Amino acid sequence: MTDRKASLSIEGNEQPIELNVRSGTLGQDVIEIAPLLSNNYFTFDPGFATTAPCESEITYIDGANGVLLHRGYPIEQLAANSDYLETCYLLLNGELPDDKTKTEFENIIRMHTMVNRSLENFFSGFRHDAHPMAMLCGVVGAMSSFYHDSMDITDPTHRLITAHRLIAKMPTLAAMCHKHYVGQPYMYPDNSLSYAENFLHMMFGTPCEDKEINPVLAKAMDLIFLLHADHEQNASTSTVRLAGSSGANPFSCIAAGIAALWGPAHGGANQAVIEMLEQIGDEKNIDEYVKRAKDKDDPFRLMGFGHRVYKNFDPRAKVMKKTCDEVLSELGLEDDRLLKIAKRLEKIALEDDYFVEKKLYPNVDFYSGIIMKAIGIPTEMFTAIFATGRTVGWISHWNEMISNPYRIGRPRQLYKGHKQRDYPAKK
Ligand code: CMC
């Protein structure tokens, strides 16, 4: 619905360009800029910081006030009352399930937890020390070659089956990445366990000895998946949408999302947090690193601090901080060297003028990294776990796009290269 008009006057042009201003249910209004094209203008917006490339009904973020809603429900309420699979259902379908539907959904996901054994051959091709994200990106892309029976993206049933397969198989694949890395046999899923328990079982169990699963840690794991489930049009989700806009199959789109997530400015930050704590090494070095983070000429940044959208606090970090304290106390790790550095760093950054003025608060990755480290998950697995939780968000956005009219994504540019010139004459 068009609410208001905007008028853009450009020096040298006789007529202003009329634009529509549209309102959503919440958040900033958007200016529809399509008429700029017929007037021979593009918009310039590096990093897409002011661009809304789509309409969406899935997730809403108010960065200034630290609000995150999934289908209207605040993340704090979902974290307190829901669980990961119920939140998956909500993101995919738009409403919370009733008890019967919830059980049915959990059973559907259980039915899909195993992966085709041929996928083990893909893993065998990776070096023993391949990064889990490299393997995950590869094997999720490879899944495109397994499900020819349900790859018609115009069929809503096919899209739903694919969504279920991806949600169910991601923990299995992520755990296989870990097992390959450490050289242990792959563990089959145990469908008597919950989603998070099953993941811990496949990560830490071996065919010789099935590790008992600590319920506090399983709950923390479920919360980590839940808090990462979706985050509207972030870099990886936008990548999934862009890849999907060409009509590419969903497994390859999710593989593209995994690639985009890997970077340290996005999902790779949870691994980077622990690496940074290791690099700092001792509480006595903190001041030096804080000084470096503030130095414009030094590329060092405090990993796990700051966010493109949250300029007040990250509501996921608030929830995660509480669980972080619970996990550390359950495991008796309050005195762990790295965790002590993390706590001091958090305190300094929350009080230091530089971080306060620039609104650089600890983000979700700061605390999730600490929790996963405490649980005993190796750092190189952290981003693969983020990817596992985020898969439902990616596939929900992909499904939303494909279910509605869409065009291939095709940004433009401000060209600053050479003007046309002639190829030099041959000597
Ligand atoms: N440490 C030190 N200074 C920082 C940091 C940091 N972590 N983050 C931003 N700044 C400074 C930056 O130097 C700049 O200063 P100035 O205005 O003087 O040039 C200012 O704050 C604004 O930074 P920006 O890079 O323009 O902000 P952005 O919105 O483009 O970047 C960010 C956001 C998350 C990439 C960035 O804060 C960062 O690199 N943080 C560390 C990595 C991290 O923790 N990433 C995880 C994000 S949460 C998980 C997710 O959603 O993926």
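Refer to the preceding data block for the structure.
A.B. asks: Help me understand the overall build of the protein chain, please; the structure alone is not making it clear to me.
C.D. replies: Counting its regular elements, the protein chain contains 18 helices and six strands. Over its C-alpha trace the protein chain gives a radius of gyration of 23 Å, about what one expects of a compact globule, namely 22 Å for 427 residues. With the C-alpha coordinates of the protein chain rotated into their principal frame, the extents come out at 80 × 65 × 60 Å. Expressed as a percentage of the 427 residues in the protein chain, the buried residues total 47%. At a minimum sequence separation of 6, the contacts of the protein chain that also span at least 24 residues come to 69%. With 45 positive and 56 negative side-chain charges, the protein chain shows a spacing of 7 Å between the two charge centroids.

A.B. asks: I tried to follow the site of the ligand on my own but got confused; where do I start?
C.D. replies: Surveying the vicinity of the ligand reveals 22 residues, the closest of which are H266, R301, L302, G304 and K358. Taking K296, its side chain carries an N or O atom lying 2.9 Å from an oxygen atom of the ligand. A total of 950 Å² of accessible area belongs to the ligand in isolation, and the protein chains cover 76% of it. Counted by class, the shell around the ligand contains nine nonpolar, six polar and seven charged residues.

A.B. asks: Any chance you could explain the environment of I153 here in plain terms?
C.D. replies: With respect to the helices and strands, I153 occurs in the loop between helix 6 (132-142) and helix 7 (156-182). Relative accessible area serves as the criterion here: at 14%, I153 is assigned to the buried category. Taking the C-alpha atoms as reference points, I153 and K291, separated by 138 residues in sequence, lie 51 Å from one another. Apart from residues lying up to four places away in sequence, I153 is in contact with R159, G247, A248, P250, W398, I402 and Y406.

A.B. asks: Which parts of the structure should I look at to understand helix 7?
C.D. replies: Every α-helical turn comprises 3.6 residues, leaving residues that sit three or four positions apart pointing alike. With 27 residues, helix 7 extends 39 Å from end C-alpha to end C-alpha; this agrees with the ideal 39 Å at 1.5 Å per step. Counting buried positions along helix 7 yields 21 of 27 residues, so the element is predominantly enclosed. Where helix 7 starts, the residue carrying a side-chain oxygen 2.8 Å from the main-chain nitrogen of T157 turns out to be D155. Directly beyond the C-terminal end of helix 7, a positive phi value near 75° is found at G183.

A.B. asks: I would appreciate a short explanation of unusual backbone geometry in the present structure.
C.D. replies: Excluding glycine, residues mostly have negative phi values, and the peptide bonds linking residues are mostly trans. Although it is not a glycine, R71 sits at a positive phi angle of roughly 50°. Mapped onto the elements of the fold, R71 is located in the loop between strand 5 (67-70) and strand 6 (73-74). Despite not being glycine, K359 shows a phi value in the positive range, around 55°. Within the secondary structure layout, K359 lies in the loop between helix 16 (353-357) and helix 17 (364-375).

A.B. asks: Mind showing me how you'd approach the sheet that holds strand 5 here?
C.D. replies: One key point about sheets: their strands pair by backbone hydrogen bonds, in either a parallel or an antiparallel sense. Read across the open sheet, the three strands follow the order 4-5-6; overall the sheet is antiparallel. The open sheet has two free edges, formed respectively by strand 4 (59-62) and strand 6, since each of these has just one partner strand. Strand direction decides the pairing type here: strand 4 and strand 5, joined by four bridges, are antiparallel. For I61, the partnering residue across the bridge sits in strand 5 and is L68.

A.B. asks: What is the right way to look at the pattern of salt bridges in this model?
C.D. replies: One side chain can pair with another of opposite charge once the charged atoms of both are near each other. In the structure shown here, the tally under the stated rule is 19 salt bridges. For E32, the salt bridge identified is with R22, shortest N-O distance 3.0 Å. Taken together, the residues span a long stretch of sequence, with E32 in strand 3 (residues 30-32) and R22 in strand 2 (residues 17-22) at a distance of ten residues. As a salt-bridge pair, K321 and E346 come within 3.2 Å of each other at their nearest N and O atoms. Taken together, the residues K321 in helix 14 (residues 315-330) and E346 in helix 15 (residues 337-351) connect sequence positions 25 residues apart. According to the relative accessible area criterion, K321 is partly exposed, its value standing at 30%. The class for E346 is buried, based on a relative accessible area of 7%.

A.B. asks: Explanation requested: the nonpolar core in the structure shown.
C.D. replies: In a soluble, globular protein the nonpolar side chains are often hidden away together inside. In this structure, L136, L173 and M221 are the most contacted members of the largest nonpolar core, which totals 111 residues. Ranked by residue count, the leading element in this core is helix 18 (residues 382-403), at eleven residues. Setting aside its immediate chain neighbours within four residues, L173 contacts V115, L119, F123, L136, V139, V140 and M143.

The rules we used
Residues numbered from 1 in each chain as written. Predicted model: local features only at pLDDT ≥ 70, side-chain atom pairs only at ≥ 80, totals over all residues. Heavy atoms only, no water. Helix = DSSP H or I, 4+ residues; strand = E, 2+ residues; numbered from the N terminus. Rg over C-alpha atoms; globule rule 2.2 N^0.38 Å. Buried < 20%, exposed > 50% of the residue type's maximum accessible area, 1.4 Å probe, protein only. Contact = heavy atoms within 4.5 Å. Lys, Arg positive; Asp, Glu negative; His and termini not counted. Charge placed at Lys NZ, Arg CZ, Asp CG, Glu CD. Near = heavy atom within 4 Å. Polar contact = N/O pair within 3.5 Å; in protein donor to acceptor, adjacent residues only side chain to side chain. Areas by Shrake-Rupley, 256 points an atom, 1.4 Å probe, with all protein chains shown as cover. Nonpolar A, V, L, I, M, F, W, Y, C, P; charged D, E, K, R; others polar. Expected span 1.5 Å × (residues − 1). Pairing = 2+ DSSP bridges. Salt bridge = Lys/Arg side-chain N within 4 Å of Asp/Glu carboxyl O. Core = buried A, V, L, I, M, F, W, Y, C linked by side-chain atoms within 4.5 Å.

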